[in-house]
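What the coordinates show
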Amino acid sequence: QVQLVESGGGLVQAGGSLRLSCAASRSIFSINTMGWYRQAPGKQRELVATISSGGSTNYADYVKGRFTISRDTAKNTVYLQMNSLEPEDTAVYYCNVQGRYYAYWGQGTQVTVSS
């Protein structure tokens, strides 16, 4: 069974930065899409960013120019560099790996941005 282990969340002031990491507990098939989703209190879970095994990226409009997603396929790891954080970014951030025949989710890591 594959588990996704997330790290890097925490408390930061507005304008600050955080770097989230998500690593699979064991090797997984490399052809997949890795991404980050988030959920704020009272809101539905929403896409933040994804990156394919070929390197194609997709970002939500509200994070373009501020967040950067990257991956190290050999290490089964995906990253999210978050800059210029705003209080509206406060949420639980979830890692996701989506393949043709499987999908995995992390347990979530809290990101809190103070004003």
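So, a few notes on the structure that sits alongside this text. The residue numbering used here restarts from 1 in each chain and proceeds along that chain's sequence as written. Thresholds applied to this predicted model are a pLDDT of at least 70 for local features of residues and 80 or more for the giving and counting of side-chain atom pairs; totals over whole chains, interfaces and linings are not thresholded and use all residues. The side-chain quantities take in all heavy atoms of the structure and omit both hydrogens and water.

The next point concerns the side chain of Thr-77. Helix and strand definitions follow DSSP, with helices as H or I runs of at least four residues and strands as E runs of at least two, each counted in order from the N terminus. For Thr-77, the location among the structural elements is in strand S8 (residues 77-82). The exposure class of Thr-77 is buried, given its relative accessible area of 8%. For this analysis, a polar contact is any N or O atom pair within 3.5 Å, provided that within protein one partner can donate a hydrogen and the other can accept it, and provided that sequence-adjacent residues contribute only side-chain to side-chain pairs. Engagement of the side chain of Thr-77 in a polar contact is seen with the backbone oxygen of Lys-75, the distance being 2.8 Å. Those residues within four positions of Thr-77 in sequence are excluded, and the remaining contacts are Cys-22, Ala-23, Met-34, Arg-71 and Asp-72. Relative accessibility thresholds used throughout: buried, under 20% of the residue-type maximum; exposed, over 50%; partly exposed, between the two (1.4 Å probe, protein chains only). Throughout, a residue-residue contact means that at least one pair of heavy atoms, one from each residue, lies within 4.5 Å.

The next point concerns the packing of aromatic side chains. In this scheme Phe, Tyr and Trp rings, the latter by its six-membered ring, pair at centre separations within 6.5 Å, and the angle between planes marks the pair as stacked below 30 degrees, edge-to-face above 60, and tilted otherwise. For the structure on display, the rule yields 2 aromatic pairs. Considering the side-chain rings of Tyr-102 and Tyr-104, the 5.2 Å spacing of their centres and the 35° angle between planes classify their relative orientation as tilted. Counting as a charge over the ring demands two things of the Lys NZ or Arg CZ atom: a distance within 6 Å of the ring centre and an angle within 35 degrees of the ring normal. A cation over a ring is seen here: Arg-45 above Tyr-94, with NZ or CZ 3.7 Å from the ring centre. Directly above the aromatic system of Trp-105 lies the positively charged group of Arg-45, at a separation of 5.0 Å from the ring centroid.

Here a strand pair is declared whenever DSSP counts at least two bridges between the two strands. Judged by pairing direction, the sheet is antiparallel, and its 4 strands sit side by side in the order S1-S3-S8-S7 without closing on themselves. In this open sheet, the two edge strands, each paired with only one partner strand, are strand S1 (4-7) and strand S7 (67-72). Averaged over all pairs of adjacent strands, the angle between their axes in this sheet comes to 15°, without regard to strand direction. Both S1 and strand S3 (residues 18-24) contribute to a ladder of 4 bridges, which runs antiparallel. Pairing of Glu-6 across the sheet is with Cys-22, part of S3. Axes, fitted as lines to C-alpha atoms, cover a helix only where it is in contact. Angles between the N-to-C directions of the axes lie from 0 to 180 degrees.

That's the geometry; what it means functionally is another story.
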